[in-house]
Amino acid sequence: MRLLPLAPGRPRWGSARHLPSCSPALLLLVLGGCLGVSGVAAGTRRPNVVLLLTDDQDEVLGGMTPLKKTRALIGEMGITFSSAYVPSALCCPSRASILTGKYPHNHHVVNNTLEGNCSSKSWQKIQEPNTFPAILRSMCGYQTFFAGKYLNEYGAPDAGGLEHVPLGWSYWYALEKNSKYYNYTLSINGKARKHGENYSVDYLTDVLANVSLDFLNYKSNFEPFFMMIATPAPHSPWTAAPQYQKAFQSVFAPRNKNFNIHGTNKHWLIRQAKTPMTNSSIQFLDNAFRKRWQTLLSVDDLVEKLIKRLEFTGELNNTYIFYTSDNGYHTGQFSLPIDKRQLYEFDIKVPLLVRGPGIKPNQTSKMLVANIDLGPTILDIAGYDLNKTQMDGMSLLPILRGASNLTWRSDVLVEYQGEGRNITDPTCPSLSPGVSQCFPDCVCEDAYNNTYACVRTMSALWNLQYCEFDDQEVFVEVYNLTADPDQITNIAKNIDPELLGKMNYRLMMLQSCSGPTCRTPGVFDPRYRFDPRLMFSNHGSVRTRRFSKHLL
């Protein structure tokens, strides 16, 4: 099937395809905002970029293990980031951070609902025109292609339905709402197309692979391109392709040190989990873990097909390829069955692999990075002046190119707004209203006051996480991940009070940051300067950060 660009026969918003015929010199003036910055030689077309995004793929629990071809074709041919984080461990806020380069408190997407600004009309009006793909299209003349899951509420009737196509996309092939593998609807440039349950024509991961290859066949050869391919795997319902449904039969969820133990000295939501878990719960999460890996085998095939096609068309050597996930996942850690949303490494840490021009093979970087850095990095690759954006992230391009003596950040912000139901769950009458994501044994994964913010710090001497909850306790969790990588022992009551005060202030500052102020030196950065007077209000009382309940 041949893909057609949006609105054939009339100009698309920001479409370089419809620029008047002009000389190279005039074209430089038209697209001047994107030339001369990225170091591309004169007369050479700017690099292409591919962003591969999986759904709920962890890094900590071995989520990359099944992807042998992906690790060989991207990781071993480029760089693997071992300290890549998301600013919110939930699909829609995290994806919004990728698209905007902003922390959740700046793009205002707080959960997976329309009320939480997930693909809402407010998001469409305020944030979508300023996403990095919109800038690539309007200011840099890139062909932009999207295929897969966009945001969890995309296609909702109250937000424009499937007819809505976000600004800046030349080709749009987006899934209605949340991840599925069969029996779903796609928006193809604003027109709905239903798919059934015939593997050969409907299995979504394979459909995304095929339509991506079609784009590479039929795209213009006179403009650089950006592709974003967002797979359903390994999100539930974990439906593997038929040929992979018997894979990993001897694989079980990792029994690491924090598996099936009580979350002592943690927030009440973690403490309410039942320990030890029942045999049926463990069997369920083992099966889920196995099925998640099975679904990733089709992603591995997609990556191989894509890279082979780029090589066949002669585009591979001029293409940056990014591979990452929107958040991590847990399977039995602290006796929580399966989900994300929590502040711990297994939920906030993700894979990040990159290959491309100027990146040396077989590299591993320990630099602290976040998915808010992807937008600035891709715009930097395109040659766009990042000072013209309001993005909170940093360009990874100097790291990718092996810059020496690089001054880099020492901390990132993680923030999450908990969700709960106003009524008591009838299957768990002992639970009060305010919880959600509850399992049959009445263990819940979320609650209204599971609202927290953290400073994740990494420096030459420190590997620390400081978190505050917005609850009646103002509960604090602090972990020294050098001594305690599984985050078993909360040291909040044992840490130096002066250091605790500095971390509290740093968290307050990051929760209020925007753009450049999100990139100021952290507590353990030699450039950091702490003024204790800023810890107090004009009335002399200790100043605290308030969590926003109404971000829209």
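Quick caveat: nothing in here was measured; it's all calculated off a predicted structure.

Enquirer: Hey, could you run me through the overall build of the protein chain in this one?
Expert: Each helix and strand counted, the protein chain has 14 helices and 20 strands in total. Scored against the burial criterion, the 552 residues of the protein chain give a buried share of 60%. Looking at the protein chain alone, contacts between residues at least 24 apart form 72% of all its contacts between residues at least 6 apart. If you sum the accessible surface of the protein chain, you get close to 22400 Å²; carbon and sulfur atoms cover 54% of it.

Enquirer: Whenever I open this one, the UniProt feature "modified residue: 3-oxoalanine (Cys)" (unreviewed entry) in the protein chain confuses me. Can you help?
Expert: Those residues carrying the UniProt feature "modified residue: 3-oxoalanine (Cys)" (unreviewed entry) are C91 in this numbering. For C91, the location among the structural elements is in helix 3 (residues 91–100). Residues in contact with C91, not counting those within four places in the same chain, are D55, D56, N112, K149, N152, H235, D326, N327 and K340.

Enquirer: Even after reading the chapter, I still don't get the nonpolar core, so can you show me in this structure?
Expert: Formed by 111 residues in total, the largest nonpolar core has its most connected members in F81, F132, F226, F322 and L400. Considering every element that reaches this core, the biggest residue donor is helix 14 (residues 497–511), with six residues. Counting residues in each nonpolar core, the second largest holds 42 residues, with L52, Y173, F215 and V303 among its members.

Enquirer: Looking at this model, I keep getting lost on the pattern of salt bridges. Mind explaining?
Expert: Pairing of side chains with opposite charge becomes possible as their charged atoms draw close. Following the criterion strictly, the structure yields 21 salt bridges and no others. Between K219 and E315 there is a salt bridge, and its shortest N-O distance comes to 2.9 Å. A residue pair is termed long-range when its members are at least 10 positions apart, and K219 in the loop between helix 8 (204–218) and strand 8 (225–230) and E315 in the loop between helix 10 (279–312) and strand 9 (319–325) qualify at 96 residues. Since its relative accessible area comes to 10%, E315 is described here as buried. In the salt-bridge network here, residues are joined through shared partners; they are D55, R95, K149 and D326.

Enquirer: When you look at the state of the cysteines in this model, what are you seeing that I'm missing?
Expert: Note on terminology: a disulfide is the covalent bond linking the sulfur atoms of two cysteines. This model, assessed by the stated rule, comprises five disulfides. A sulfur-sulfur distance of 2.1 Å marks the disulfide that ties C92 to C118. Measuring the twist about the S-S bond at about 95 degrees, one finds the C92-C118 disulfide to be right-handed. Linking C92 in helix 3 with C118 in the loop between helix 4 (104–107) and helix 5 (121–126), this pair joins segments that are 26 residues apart in sequence. One exposure class covers both C92 and C118, and it is buried. The disulfide partner of C438 is C444, and the S-S distance across this bridge is 2.1 Å. One quick way to see it: the torsion about the S-S bond of C438 and C444 is about 100 degrees, and its sign makes the bridge right-handed.

Enquirer: When you look at the packing of aromatic side chains in this model, what are you seeing that I'm missing?
Expert: Geometrically, a pair of aromatic rings is defined through the distance of the ring centres and the angle of the planes. Within the structure shown, the criterion is met by 27 aromatic pairs. Where F146 meets W172, the ring centres are 4.9 Å apart and the plane angle is 25 degrees; that geometry is what we call stacked. In this pair, F146 is assigned in strand 4 (residues 143–149) and W172 in strand 5 (residues 171–175), connecting sequence segments 26 residues apart. Assigned by exposure class, F146 and W172 land together as buried. A connected cluster of aromatic rings, assembled from ring pairs, spans F132, F146, Y150, Y154, W169, W172 and F226. Its guanidinium or amino end placed over the ring of F252, R290 lies 5.4 Å from that ring's centre, counting from NZ or CZ. A cation over an aromatic ring shows up here: R292 above the ring of Y329, its NZ or CZ 3.9 Å from the ring centre.

Enquirer: I would appreciate a short explanation of the confidence of the model for the protein chain in the present structure.
Expert: As a general rule, the predicted coordinates of low-pLDDT regions are not to be interpreted in detail. Considering every residue of the protein chain, the mean pLDDT works out to 91; 89% of them sit at 70 or more. Of the regions scoring below 50 in pLDDT, residues 537–543 engages in 10 contacts with residues more than four places distant in sequence or in other chains.

Enquirer: Which parts of the structure should I look at to understand the sheet that holds strand 7 (residues 191–194)?
Expert: In sheet architecture, strand pairing relies on hydrogen bonds along the backbone and comes in two forms, parallel and antiparallel. Ordered in space as 7-6-5-4-8-1-9-12-2-13, the 10 strands form an open sheet in which the pairing is mixed. Of all strands in the sheet, those with a lone pairing partner are strand 7 and strand 13 (363–365), marking the two edges. Direction aside, neighbouring strands of the sheet carry axes that sit 15 degrees apart on average. Summarising the sheet, strand 4 and strand 8 pair through six bridges and their orientation is parallel. Across the sheet, residue F146 finds its bridge partner in strand 8, namely M228. Running at roughly 170 degrees to strand 8, helix 8 makes contact with strand 4, strand 5, strand 6 (185–188) and strand 8 of the sheet.

Cut-offs applied
Residues numbered from 1 in each chain as written. Predicted model: local features only at pLDDT ≥ 70, side-chain atom pairs only at ≥ 80, totals over all residues. Heavy atoms only, no water. Helix = DSSP H or I, 4+ residues; strand = E, 2+ residues; numbered from the N terminus. Buried < 20%, exposed > 50% of the residue type's maximum accessible area, 1.4 Å probe, protein only. Contact = heavy atoms within 4.5 Å. Areas by Shrake-Rupley, 256 points an atom, 1.4 Å probe, with all protein chains shown as cover. UniProt positions renumbered as here; feature names shortened; annotations may be inferred. Core = buried A, V, L, I, M, F, W, Y, C linked by side-chain atoms within 4.5 Å. Salt bridge = Lys/Arg side-chain N within 4 Å of Asp/Glu carboxyl O. Disulfide = S-S within 2.5 Å. Phe/Tyr/Trp six-rings, centres within 6.5 Å; stacked < 30°, edge-to-face > 60°. Lys NZ or Arg CZ within 6 Å of the ring centre and 35° of its normal. pLDDT = per-residue confidence, 0-100. Pairing = 2+ DSSP bridges. Axes fitted to C-alpha atoms, helices over the stretch in contact; angles between N-to-C directions.

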